[in-house]
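Here's the letter readout for the chains.
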Amino acid sequence: MNLNTQILIAAIAGVGLGLLLTSYPQADFAQTTLYVLGILSSIFIGLLKMLLIPLIFSSIVVGVSNLQAGGEFGRVWKITALSCVTTTTLALILGISCAHLFDVGKGVDITLFQSAMQNHQTPDTLTPSSFLTNFIQNTLINPFKAFSEGNVLAVVVFALFLGVALVKGGERFNTVRQLSQQFFEMMMMLVSWVMKLAPLGIFALLAKLIATEDLSVLSRLAEFAFVVTGTTIFHGLVVLPTLLWIFGKMNPLTFFRGARAALVTAFATSSSSATMPLSMRCAQENLGVRPQTAGFVIPLGTQLNMDGTALYEAAAALFIANLMGLDLSLTQQFIVCLTAMIASLGAPGIPSAGMVTMIMVLQSVGLPAEAIAILLPIDRLLDTVRTVVNVQGDMMISVVVDRYAKQTEIEPS
Ligand code: ASP
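The sections below set out a description of the structure shown in this document.

Cut-offs applied
- Residues numbered from 1 in each chain as written.
- Predicted model: local features only at pLDDT ≥ 70, side-chain atom pairs only at ≥ 80, totals over all residues.
- Heavy atoms only, no water.
- Helix = DSSP H or I, 4+ residues; strand = E, 2+ residues; numbered from the N terminus.
- Rg over C-alpha atoms; globule rule 2.2 N^0.38 Å.
- Buried < 20%, exposed > 50% of the residue type's maximum accessible area, 1.4 Å probe, protein only.
- Areas by Shrake-Rupley, 256 points an atom, 1.4 Å probe, with all protein chains shown as cover.
- Salt bridge = Lys/Arg side-chain N within 4 Å of Asp/Glu carboxyl O.
- Expected span 1.5 Å × (residues − 1).
- Bend = angle between axes of the 7 residues up to and from the residue.

1. Side note on the overall build of the chain
Each helix and strand counted, the chain has 17 helices and zero strands in total. Here the chain has a C-alpha radius of gyration of 21 Å; the compact-globule value for 413 residues is 22 Å, and the two agree. Out of the 413 residues belonging to the chain, those deemed buried represent 53%. Split by element, the accessible area of the chain, about 18,200 Å² in all, is 67% carbon and sulfur.

This is the structure:
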């Protein structure tokens, strides 16, 4: 049985076991099973996190140096940025339009949420300018500190610089170049070992998620949850595949087949960072993306390109405004979109990261930050789908970028 099939079966079995456990929450076996599931998921997530920083570092250094050497860097960089901005903008427009179309939050009784909001401790104010200052201060730091703290963005920036230096240094740095290349290949070998554990890890993660999340709150916020999830799925099943088909010349079915392992892992872990090692492997091995492109686009996209998160934040802001009985003007909606775009750039690829940056989006148009208390109970569940779309976007962009980069190689301009 191939890995994809195993993962799919594991996911279904995990959901089944989770539902079974919710039916017998007090039983002894439920507690023991949850404990074992917790250990299994920690092992799987722990292994992925262990590989994350060395993999991001080596793949960007190697990716950039190969791109630079082939003269593709400028073009790849531009297409990547353009693709990220385009897909995120489409996600934002979709989020806002669907929130309007379905009037999410209108007619819902706000008093239901009043006590949750009053008891909620709001973190410090987050404004776009303070966010930007933090962003810079956390990015340009001692690389060793960044490695030890797992600061992905800072590692990305340092690796970009090193990659460029490797090329500019030419022959002189051959030893370091070879060392980086071999180190990267070793990391990929470790990834392939961890992938063997993916079915078990996904099984445990999904069973635990279903068993421990309170599915009943979903019904109170059902309409919003339904609209956001539906819109996110629409973006993932229609918008992104259409772009892939037009610009990447790839059949969406081929894409989904090749990307399946990473997408299911994204769903189960709700973390694009933890999924990154698998996204990289799927892009290279199943989707035919060349290592230098995947090595550059996937780590960068994991950190900066989050369509699902942007869509969610824009729709959620409108939902909260409707709940409060406020009509946001066109300018305010534009501000929401802009802030949601910045927020999705800065959100780390970890579970519920979007919730933290959501505060910034709410505050940008004067909505109360306490309102996230309303969204918190359903966030872990909605996070599953938006993370899948975040990861899908990165892999899709790597296909498109690779195709254009290859073309330049064939017909140099
Ligand atoms: N969990 C998401 C991710 O890892 C981020 C978010 O919370 O929106 O991509």
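Continuing now.
2. Some details on the pattern of salt bridges
Evaluated as defined, the whole model comprises seven salt bridges. For Arg-290, the salt bridge goes to Glu-72, with nearest N and O atoms at 3.1 Å. Taken together, the residues Arg-290 in the loop between helix 12 (272-285) and helix 13 (291-304) and Glu-72 in the loop between helix 2 (28-69) and helix 3 (73-101) connect sequence positions 218 residues apart. Like Arg-290, the residue Glu-72 is buried in the burial classification.

3. Some details on helix 12
With 14 residues, helix 12 ought to run about 20 Å at 1.5 Å a step, and its terminal C-alpha atoms sit 19 Å apart, in line with that. Where helix 12 bends most, at Leu-278, the angle is about 35°. Across the 14 residues that make up helix 12, a large majority, twelve, are buried. Ser-272, Ser-273, Ala-274, Thr-275, Met-276, Pro-277, Leu-278, Ser-279, Met-280, Cys-282, Ala-283 and Gln-284 are the residues of helix 12 that are buried.

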